[in-house]
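The residues making up each chain are set out below.
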Amino acid sequence: MTTGWVIGYVIGGVLILAVVVLLLLMIRGAHRAAVKAEAILAALQESRDNTAPLWAVNDVNSAIERITAGAGAVREHLASRDGG
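The model shown is predicted, which means the values in this text are computed figures rather than measured ones.

A. Representation of the packing of aromatic side chains. Enumeration according to the criterion identifies one aromatic pair in this entry. The interplanar angle of 40° and the centroid separation of 6.2 Å between the aromatic rings of W5 and Y9 together place this pair among those described as tilted. In this pair, W5 and Y9 are both assigned in helix α1 (residues 2-51), four residues apart and thus about one turn of the helix distant. The exposure class assigned to W5 is exposed, which follows from its relative accessible area of 56%. On the basis of relative accessibility, which here comes to 63%, the residue Y9 falls in the exposed class.

B. Quick peek at the environment of I64. By secondary structure assignment, the location of I64 is in helix α2 (residues 57-83). For I64, a relative accessible area of 46% translates into the label partly exposed. Spatially, the C-alpha atom of I64 lies 66 Å from that of V21, the residues being 43 residues apart in sequence.

Reading the values: rules and limits
- Residues numbered from 1 in each chain as written.
- Predicted model: local features only at pLDDT ≥ 70, side-chain atom pairs only at ≥ 80, totals over all residues.
- Heavy atoms only, no water.
- Phe/Tyr/Trp six-rings, centres within 6.5 Å; stacked < 30°, edge-to-face > 60°.
- Helix = DSSP H or I, 4+ residues; strand = E, 2+ residues; numbered from the N terminus.
- Buried < 20%, exposed > 50% of the residue type's maximum accessible area, 1.4 Å probe, protein only.

Geometric values such as these leave the question of function open.
Right, here's the structure in full:
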């Protein structure tokens, strides 16, 4: 009868050890995933900062169109003054 108890304790100990090992592996994997996620977030923030000036391209294009239109209007006015 005591042999049965010893076998039960050994099986229980092995099961507990297996659960502990699996939990440690899961925690290690979660830590690695968190480190990678932080690196990805840092890279995304850096790319956002590096591409921020691209959002101003539309404003620059609008300003160039207004300047070009104004220069064309001035040219037409000067041509009509000189020719008339």
